[in-house]
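Single-letter residue listing:
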Amino acid sequence: VKGLFVPVILGTARPGRRSEAVAQHVVDVIKRRDASTQLIDVADFGLVATATPGRGLDLAVYQEMMEDADGVVVVAPEYNHGYPGELKLLLDIESHSYRRKPVGIVSVSSGLLGGARMAEQLRLVTGALGMVTVTPSVHVTNVADATEGDGDLFPPSLQAVLETMLGEVEWYAARLRGGETPPS
Ligand SMILES: Cc1cc2nc3c(=O)[nH]c(=O)nc-3n(C[C@H](O)[C@H](O)[C@H](O)COP(=O)(O)O)c2cc1C
């Protein structure tokens, strides 16, 4: 939908991360759907608890983007059935500007469950942030095969779920826009 800004958070800084390709695809699809977007990469922020050197981006940049966002999509892999620590650190940097904004979750895994357990855990966090977590989530299975072999990262059935999820984010974003600001 034109006029909406829906940034995508890439929630892992792991060297060799495959979720990057997934996040890039989501960015491309959001652009095709005529909303504006930007990739927010946890690796850019030099978060203290990560072993990955950051690229010096100021956390204020993240906070500003969250303030501007009408909705958000999070793409993250499942690590030990949970979400990556960097993602939680980045989310925790900000507090008030998430409120009453829609968020869609894309989970990634090299296994058969596509990170579904991570997605469910992340819902608890996004709920605590006051966000509206849309249904469906998108679960990318067998990411290693798709990125390194001849598999398809987003086969038609999964692409359809992605489009449905983005449609939900846009639906809420269009209606809840500005709702994070308390009425004066
Ligand atoms: C620390 C760690 C924990 C993992 N735990 C899980 C897991 O709980 N469930 C799962 O399906 N895959 C797990 N995997 C495998 C990941 O699905 C696989 O490495 C995938 O490529 C992760 O996405 P990434 O490449 O973006 O890091 C784990 C991988 C790592 C590095």
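Anyway, here's the lowdown on the structure attached to this text. Remember, it's a predicted structure, so these values are computed and weren't measured experimentally. (Residues numbered from 1 in each chain as written. Predicted model: local features only at pLDDT ≥ 70, side-chain atom pairs only at ≥ 80, totals over all residues. Heavy atoms only, no water.)

1. Focus: the overall build of the chain
Test applied: What counts as a helix is a DSSP run of H or I of at least four residues, what counts as a strand is a run of E of at least two, and both are numbered from the N terminus. Radius of gyration here is computed from C-alpha atoms only, and the compact-globule reference equals 2.2 Å multiplied by the residue count raised to the power 0.38. The contact definition used throughout considers only heavy atoms, calling two residues in contact when any of these lie within 4.5 Å.
From N to C terminus, the chain includes 6 helices and 6 strands. For the chain, the N- to C-terminal ordering of α and β elements is β-α-β-α-β-α-β-α-β-β-α-α. Relative to its length of 184 residues, the chain is compact, with a C-alpha radius of gyration of 15 Å against a globular reference of 16 Å. Viewed in the frame of its principal axes, the chain has a C-alpha envelope of about 55 × 35 × 25 Å. Put simply, 78% of the contacts in the chain that link residues at least 6 apart link residues at least 24 apart.

2. Side note on the site of the ligand
Quick reminder of the rule: Here, proximity means that at least one heavy atom of the residue falls within 4 Å of the molecule or strand. Polar contacts here mean pairs of N or O atoms no more than 3.5 Å apart (in protein, one a potential hydrogen donor and the other a potential acceptor; neighbouring residues in sequence count only if both atoms are side-chain atoms). Using a 1.4 Å probe, accessible areas were evaluated by the Shrake-Rupley method; residue-level cover was limited to the displayed protein chains. Classes in brief: Ala, Val, Leu, Ile, Met, Phe, Trp, Tyr, Cys and Pro nonpolar; Asp, Glu, Lys and Arg charged; the others, Gly included, polar.
Taken together, 14 residues sit near the ligand, with Arg14, Arg18, Ser19, Glu78 and Tyr79 positioned nearest. Here an oxygen atom of the ligand and a side-chain polar atom of Ser19 are 2.6 Å apart. Contact between the ligand and Ser110: an oxygen atom at 2.8 Å from a main-chain N or O atom of the residue. Protein contacts shield 75% of the accessible area of the ligand, which totals 600 Å² for the unbound molecule. Considering only residue class, the shell around the ligand consists of 3 nonpolar, 6 polar and 5 charged.

3. Section: the side chain of Glu94
Formally: The rule is simple: take the accessible area with a 1.4 Å probe, protein chains only, and divide by the maximum for that residue type; under 20% is buried, over 50% is exposed, in between is partly exposed. Here Asp and Glu are counted as negative and Lys and Arg as positive; His is not counted, and neither are the chain ends. We count a salt bridge whenever a side-chain nitrogen from Lys or Arg sits within 4 Å of a carboxyl oxygen from Asp or Glu.
With respect to the helices, strands and loops of the structure, Glu94 is situated in the loop between α3 (85-93) and β4 (102-108). It is Lys101 that comes nearest to the buried, bridge-free Glu94 among opposite-charge side chains, at 7.8 Å. Of note is the side chain of Glu94, whose polar atom sits 3.4 Å from the side chain of Gln63. Here His96 takes part through its backbone nitrogen, which lies 3.4 Å from a polar atom of the side chain of Glu94. Residues in contact with Glu94, not counting those within four places in the same chain, are Tyr62, Gln63 and Met66.

4. Considering the packing of aromatic side chains
By convention here, two paired aromatic rings are described through the distance between centres and the angle between planes. Here is the rule we go by: When the centres of two rings from Phe, Tyr and Trp lie within 6.5 Å, Trp using its six-membered ring, the rings pair. Their planes under 30 degrees apart give stacked, over 60 give edge-to-face, and anything left gives tilted.
What the rule picks out here adds up to 2 aromatic pairs. Considering the side-chain rings of Phe45 and Tyr62, the 6.1 Å spacing of their centres and the 75° angle between planes classify their relative orientation as edge-to-face. Taken as a pair, Phe45 in the loop between β2 (39-41) and α2 (59-68) and Tyr62 in helix α2 lie far apart in primary sequence, 17 residues in all. This pair shows no difference in class: Phe45 is buried, exactly as Tyr62 is. Both rings, one in Trp171 and one in Tyr172, keep their centres 5.0 Å apart while their planes meet at 80°; by these two values the pair is edge-to-face. Here Tyr172 falls in the partly exposed class, since its relative accessible area comes to 27%.

5. Some words on empty space enclosed by the protein
Formally: The pocket and cavity definitions rest on a 1 Å grid over protein atoms only: a 1.4 Å probe that fits but cannot leave marks a cavity, an open set with protein on both sides within 12 Å along at least five of seven lines marks a pocket, and residues lining either have an atom within 4 Å of a point. Grid points are joined across faces, edges and corners, and a volume is the space filled by probe spheres set on the points.
Under the criterion given, the structure shown has 1 cavity of 30 Å³ or more. Each pocket or cavity is described by its volume, and for the largest cavity that value is around 30 Å³. Lining of the largest cavity is provided by Ala69, Asp70, Arg100, Lys101, Pro102, Ala173, Leu176, Arg177, Gly178 and Glu180. Residue composition of the lining of the largest cavity, grouped by class: 4 nonpolar, 1 polar and 5 charged.

6. What about the pattern of salt bridges?
For the coordinates displayed, the defined rule picks out 10 salt bridges. Arg33 is the partner of Glu163 in a salt bridge, and the nearest nitrogen-oxygen pair spans 2.6 Å. Here the residue Glu163 occupies a position in helix α6 (residues 156-176), and Arg33 occupies one in the loop between α1 (19-32) and β2, the gap between them amounting to 130 residues. Arg33 gets classed as partly exposed once you look at its relative accessible area, which sits at 23%. Between Glu78 and Arg117 there is a salt bridge whose closest N-O contact spans 2.8 Å. Placement of Glu78 in the loop between β3 (72-77) and α3 and of Arg117 in helix α4 (residues 116-128) is noted, with a sequence separation of 39 residues between them. On the accessibility criterion, Glu78 (14% relative accessible area) is buried. A relative accessible area of 35% places Arg117 in the partly exposed class. Shared partners join several salt bridges into a network, and the residues in it are Arg17, Glu20 and Asp41.

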